[in-house]
Amino acid sequence: MYNTLLTELTDGILVVTINRPDKLNALNKEVFVELNLVLDEIVNNSAIQSVIITGSGTKAFVAGADIAEFVGLSTEEGIAIAQFGQDTFLRIENAPKPIIACVNGFALGGGCELAMSCHFRIASADAKFGQPEINLGLIPGYGGTQRLTQLIGKGRALELILTGNMIDAATALQYGLLNYVVSSDSLLDKAKEVLKIINTKSSLAVKEAIHAVNASLDYSKDGFEAERNSFGKCFSTDDSKEGIRAFLEKRKPVFNRQKES
Ligand code: COA
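This write-up is about the structure you can find in this document. Because the structure is predicted, anything quoted here is derived from the model rather than measured. (Residues numbered from 1 in each chain as written. Predicted model: local features only at pLDDT ≥ 70, side-chain atom pairs only at ≥ 80, totals over all residues. Heavy atoms only, no water.)

### A closer look at a nonpolar patch on the surface
Thought 1: Nonpolar side chains collect at one region of the surface, where V33, L37 and F84 lie side by side and expose about 220 Å² of accessible area between them.
Thought 2: The residue F84 is located in helix α2 (residues 75–93) in this model. (Patch = residues over 30% accessible without salt bridge, like charges linked within 9 Å, V, L, I, M, F, W, Y side chains within 5 Å. Areas by Shrake-Rupley, 256 points an atom, 1.4 Å probe, with all protein chains shown as cover. Salt bridge = Lys/Arg side-chain N within 4 Å of Asp/Glu carboxyl O. Helix = DSSP H or I, 4+ residues; strand = E, 2+ residues; numbered from the N terminus.)

Now the structure itself:
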């Protein structure tokens with residue numbers, strides 16, 4: 001049914017698997033288009049009571065936005081890409097049915113942002129989280145600057161975003177990014193155990209609870225717009241051109257700061 005996603009509905013729980021394992025499930029445009037189609041299905045199909053999002057294979061949940069699609073983007077194109085990513089993830093955050101991320105490996109960049117847009121997160125013990133966009137001369141563009149700050153606080157968020165370092169599942173649990181860490185073979189079972197409880201509750205009350213909890217998030221200063229504009233601005237720099245090319249050529253980037261010193 002989809003090119004980049006697998007879906008399976010059992011006992012009211014829809015499991016959505018991002019399925020580009022040879023690219024560590026990187027989010028290209030087609031994944032975003034198909035995620036929006038799945039979101040339509042989640043809203044409209046009353047047989048779906050709740051949702052799990054996970055990644056195909058054992059290595060990655062999602063290793064980020066597809067960097068190959070970033071080559072040669074202008075500021076305006078960068079802003080447009082960020083807008084599409086932000087809008088998609090806002091639809092997940094505001095979905096009327098619970099959506100849990102089951103993080104089975106790398107959740108980097110857009111992968112960490114996808115997991116953070118879900119209502120909560122469960123990870124396998126070998127999962128790794130990070131916002132490595134800085135290594136490309138970029139910043140997070142799909143809500144990461146906003147949601148990471150909300151979830152783990154400003155100091156920890158800035159350290160992760162500015163260093164590009166990864167944290168392991170135990171640290172992510174301690175930071176409050178995760179609800180549970182379990183073995184990889186019990187990851188989906190743990191999520192289903194929680195969702196089975198929620199699926200016995202009033203669907204209207206569940207929807208209103210999500211709505212009310214989300215209303216506690218203060219997006220009034222429109223940090224998302226600031227994120228989009230800063231993300232777009234980065235694309236007009238030599239550093240981002242170098243960072244993106246270096247990743248695709250499998251070498252370390254040499255940024256201007258290093259060239260000058
Ligand atoms: N976009 C596009 N392709 C990606 C990707 C991404 N975000 N992440 C991984 N891939 C591709 C690699 O290019 C490689 O493709 P190839 O086999 O055709 O060359 C394949 O997935 C496997 O990745 P590889 O880098 O060989 O695996 P690894 O085990 O050496 O490293 C990671 C794993 C996750 C550390 C590394 O892939 C990585 O750093 N990915 C990018 C993370 C990132 O910067 N995300 C933010 C993007 S804005």
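### Regarding the nonpolar core
Thought 1: The biggest cluster of nonpolar side chains holds 55 residues, and the ones touching the most others in it are I18, I53, F61, F70, I99, V103 and F129.
Thought 2: For this core, the element with the most residues is helix α1 (residues 29–44), which contributes six residues.
Thought 3: For F129, the contacting residues outside a window of four places in its chain are V103, A107, L108, C112, A123, N165, M166, I167, A169, A172, L177 and L178.
Thought 4: In this structure, I52, V182, A191 and V194 belong to the second largest nonpolar core, which totals twelve residues. (Core = buried A, V, L, I, M, F, W, Y, C linked by side-chain atoms within 4.5 Å. Buried < 20%, exposed > 50% of the residue type's maximum accessible area, 1.4 Å probe, protein only. Contact = heavy atoms within 4.5 Å.)

### Overview of the packing of helix α4 (residues 144–152) against helix α5 (residues 154–163)
Thought 1: At a minimum axis distance of 7 Å, the contact between α4 and α5 shows a crossing angle of 135°. Between α4 and α5, the angle falls in the class oblique. Crossing handedness for the pair α4 and α5: right-handed. Across the interface between the two elements, G144, T145, L148, T149 and I152 of α4 pack against K154, R156, A157, L160 and I161 of α5.
Thought 2: For the contact of α4 with α5, the per-class residue count stands at five nonpolar, three polar and two charged. (Axes fitted to C-alpha atoms, helices over the stretch in contact; angles between N-to-C directions. Parallel < 35°, antiparallel > 145°, perpendicular 65-115°, else oblique. Left-handed = near helix turned anticlockwise from the far one by under 90°. Nonpolar A, V, L, I, M, F, W, Y, C, P; charged D, E, K, R; others polar.)

### Some points on the sheet that holds strand β4 (residues 60–62)
Thought 1: Spatially, β4-β6-β8-β9 is the arrangement adopted by the four strands of the open sheet, whose pairing is mixed. In the strand order of this sheet, the two ends are held by β4 and β9 (166–168), each with one partner. Each adjacent strand pair in this sheet contributes to an overall mean axis angle of 20°, direction not counted.
Thought 2: Pairing of β4 with strand β6 (residues 106–108) involves two bridges; the strand directions are parallel. Within β6, the residue paired with A60 across the bridge is F106. (Pairing = 2+ DSSP bridges.)

### As for the site of the ligand
Thought 1: Around the ligand, 19 residues are found, and the nearest of them are K23, K59, A65, I67 and K250.
Thought 2: I67 places a polar main-chain atom, nitrogen or oxygen, 2.9 Å from a nitrogen atom of the ligand.
Thought 3: For the ligand, the protein covers 70% of the area, taking 860 Å² as the surface of the free molecule.
Thought 4: A breakdown of the residues in the shell around the ligand according to their chemical character gives eleven nonpolar, two polar and six charged. (Near = heavy atom within 4 Å. Polar contact = N/O pair within 3.5 Å; in protein donor to acceptor, adjacent residues only side chain to side chain.)

### Focus: the side chain of E242
Thought 1: Structurally, the position occupied by E242 is in helix α10 (residues 238–248).
Thought 2: Take E242: its relative accessible area is 8%, and that puts it in the buried class.
Thought 3: If we skip the residues at most four places from it in the chain, E242 touches R251, K252, P253 and V254.

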